[in-house]
Amino acid sequence: MSASEASTVRPEDEVVRICRDLIRIDTSNYGDGSGPGEAEAAAYVVEQLREVGLEPRTFESDPGRVSVAVRIPGADRERGALCVHGHLDVVPANAADWSVDPFAAEERDGCIWGRGAVDMKDMDAMILSVVRHLARTGTVPPRDLVVVFFADEEAGGTKGSHFLVEHHPDVFEGVTEAISEVGGYSVTLTDKDGEERRTYLLQTAEKGIAWLRLTANGRAGHGSVPNPENAIVRLAEAISRIAAHKWPREYIPSVRTLLDGLSELTGTGWSDEDLEELLDHLGGAQGFVRGTLQDTSNVTMLDAGYKHNVIPQHASANVDCRFLPGHEDDLMATIRELAGEHVDVEVLHRDIALDAPFEGDLVDAMVAALRSEDPDADVLPYCLSGGTDNKALSLLGITGYGFAPLRLPADLDFAPMFHGIDERVPVESLHFGARVLLRLLETC
């Protein structure tokens, strides 16, 4: 390709190719170090960046656990830099459950199918396509851009974002704000006039994480002998109490702003005690919102026993807890009380809750970038029930937002595909996202 031909290649011309290439690289993260790692995907990212004259750095926390970073100087080096980041790992996929090969990146029905199409190799592809365009055309962004592709986000970022923040903070020198995943996508509402209306959810907050292990202790014995100190029974009772617990609701500012905005658009009222009708307007996205109305605790793994006729001395369960800003201490105290005297509570991983303002120059630029492609769009803030690598960056004082812009068909149940089966992203949504992200990085 000649230089003149290269300069005419727009991000939307190659975002689909890059997305498919990345999906075909299996980066499944099992959380125990047994997966393939991110090295192959990181090498692909490095190749794509070097092809347009950039010189990225790589960081390997453990063998095969590789993150990639590159800095693009901006016009005003005195302004705080913007970090644009994605993660290269994905959660595992059981191919037998899917209607397509989860790592084939098949194009079908106008969508790219595969593990990571939604979380988050679609955004990785948008970032790469836009950065390649900036480099090819010699475009200088308004301020420094620090572009990072992290390892290990799906297991809490220990081998990725937290590793870089702790051991290589120089990567983020001068960075004040960041954008990443799980925000900027559209939901289609029916407004108070009965018209369909797209509303984009910009992620300004996210809950904290407490991944816990409950270990019940008892007395080992023969399976034929009554045993009032059965560890499995004690664990089951603890699980039952935790599952039955009703966490009190609290509406943090980002959630209230979202609910008020939805109410204004749809004409549907709501109260602290009754918001079911309002949430129904969000379709599949309401699950993320429901998860931000209170703290949550979900049992996700069990481990007990080793033979049919042996009562074990110990039994354990893993619990995924998510807490609102300022709730961590209360959540931990509640879990310990519910677990009971015979069950130990161990913290395997924790991370903080975030809450950023829905205002300021960067928010204005994100809204303007969306409206440059969808002029009638509404934009509302929301809190993410999960977590992102913005948690690690916050330890350096960086304010993070979720902004992976996608204009989605009204009938696509998008949000449930995060970590779900038959994950897919529309081709046209990728094109839209690449154009919006380019506009943002040219005006941020």
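This text goes with the structure placed above it.
Residues numbered from 1 in each chain as written. Predicted model: local features only at pLDDT ≥ 70, side-chain atom pairs only at ≥ 80, totals over all residues. Heavy atoms only, no water.

Draft legend 1. Examining the packing of helix α2 (residues 11–23) against helix α4 (residues 121–137) more closely. Between α2 and α4, whose axes approach to 8 Å, the crossing angle comes to 135°. As judged from the angle between their axes, α2 and α4 are oblique. Relative to α4, the crossing made by α2 is right-handed. Seen from α2, the contacting residues are P11, E14, V15, R17, I18, C19, L22 and I23; seen from α4, they are K121, D122, D124, A125, M126, L128, S129, V130, R132, H133 and R136. In the contact of α2 with α4, the residues fall into 10 nonpolar, two polar and seven charged. (Axes fitted to C-alpha atoms, helices over the stretch in contact; angles between N-to-C directions. Helix = DSSP H or I, 4+ residues; strand = E, 2+ residues; numbered from the N terminus. Parallel < 35°, antiparallel > 145°, perpendicular 65-115°, else oblique. Left-handed = near helix turned anticlockwise from the far one by under 90°. Contact = heavy atoms within 4.5 Å. Nonpolar A, V, L, I, M, F, W, Y, C, P; charged D, E, K, R; others polar.)

Draft legend 2. Up close: the sheet that holds strand β19 (residues 424–426). Read across the sheet, three strands follow the order β4-β5-β19 without closing on themselves; strand pairing throughout is antiparallel. Taken across any chain shown, the strands that pair with only one partner, and hence form the sheet edges, are β4 (107–108) and β19. In this structure, β4 lies alongside strand β5 (residues 111–113), joined through two bridges in antiparallel fashion. The residue of β5 that forms the bridge with R108 is C111. Helix α13 (residues 427–443) rests against β4, β5 and β19 of the sheet, and its axis sits at about 70° to β19. (Pairing = 2+ DSSP bridges.)

Draft legend 3. Seen up close, the sheet that holds strand β15 (residues 343–351). The four strands are arranged β12-β14-β10-β15 in an open sheet whose pairing can be described as antiparallel. The open sheet has two edge strands with one neighbour each: β12 (296–304) and β15. Neighbour to neighbour, the strand axes of the sheet diverge by 20° on average, direction disregarded. Where β12 and strand β14 (residues 314–323) come together, eight bridges link them in antiparallel fashion. Of the residues in β14, the one forming a bridge with L302 is A317. Sheet contacts for helix α10 (residues 328–339): β10 (208–217), β12, β14 and β15; angle to β15, the most-contacted strand, approximately 155°.

Draft legend 4. Representation of unusual backbone geometry in the model. Geometrically, the link from D119 to M120 is a cis peptide bond, its omega value of -10° lying close to zero. Residue position: M120 is located in the loop between β5 and α4. Positive phi is not limited to glycine here, since H419 has a value of about 65°. Assignment of secondary structure puts H419 in the loop between β18 (399–402) and β19. On the basis of relative accessible area, H419 is assigned to the partly exposed category, the value being 44%. (Buried < 20%, exposed > 50% of the residue type's maximum accessible area, 1.4 Å probe, protein only.)

Draft legend 5. Region of the structure containing empty space enclosed by the protein. As enumerated under the stated definition, the model contains one cavity of 30 Å³ or more in all. By volume, the largest cavity amounts to about 70 Å³. As for the largest cavity, its lining consists of V118, M120, D122, M123, E181, V182, G183, Y185, A404, L406, F414 and F418. Of the residues contributing to the lining of the largest cavity, the split by class is nine nonpolar, one polar and two charged. (1 Å grid on protein atoms, 1.4 Å probe; cavity = no way out; pocket = protein on both sides within 12 Å on 5 of 7 lines; lining within 4 Å. Points joined across faces, edges and corners; volume = space filled by probe spheres on them.)

Draft legend 6. Summary view of the pattern of salt bridges. Counted under the stated rule, the structure contains 28 salt bridges. Residue R24 is joined to D21 by a salt bridge in which the shortest nitrogen-to-oxygen separation is 3.9 Å. Look at D21 and you get partly exposed, because its relative accessible area is 22%. Ionic pairing is found between K159 and D62, a salt bridge with its closest N-O pair at 2.7 Å. Taken as a pair, K159 in the loop between β6 (145–150) and α5 (161–167) and D62 in strand β1 (residues 57–62) lie far apart in primary sequence, 97 residues in all. For K159, a relative accessible area of 28% translates into the label partly exposed. Counted as one network, the salt bridges with shared partners bring together E14, R17, D21, R24, E51, R132 and R136. (Salt bridge = Lys/Arg side-chain N within 4 Å of Asp/Glu carboxyl O.)

Draft legend 7. Fine view of helix α3 (residues 39–50). Over its 12 residues, α3 extends 16 Å from the first C-alpha to the last, a length consistent with the 16 Å expected when each residue adds 1.5 Å. Where the residues of α3 are buried, they touch α2, β1, β2 (65–72), α4 and β6. (Expected span 1.5 Å × (residues − 1).)

Draft legend 8. Examining a negative patch on the surface more closely. A cluster of acidic side chains, namely E273, D274, E277 and D280, defines a negative patch on the protein surface. Along the polypeptide, D274 turns up in the loop between α7 (253–266) and α8 (276–279). Judged by relative accessible area, which is 48%, D274 ranks as partly exposed. (Patch = residues over 30% accessible without salt bridge, like charges linked within 9 Å, V, L, I, M, F, W, Y side chains within 5 Å. Areas by Shrake-Rupley, 256 points an atom, 1.4 Å probe, with all protein chains shown as cover. Lys, Arg positive; Asp, Glu negative; His and termini not counted. Charge placed at Lys NZ, Arg CZ, Asp CG, Glu CD.)

Draft legend 9. Quick peek at the environment of G80. The residue G80 is located in the loop between β2 and β3 (81–87) in this model. Here G80 falls in the partly exposed class, since its relative accessible area comes to 21%. Distance in space between the C-alpha atoms of G80 and I398 is 9.8 Å, their sequence separation being 318 residues. In contact with G80, other than residues within four places in its own chain, are R143, G174 and T176.

Geometric descriptors of this kind do not, in isolation, establish any biological role.
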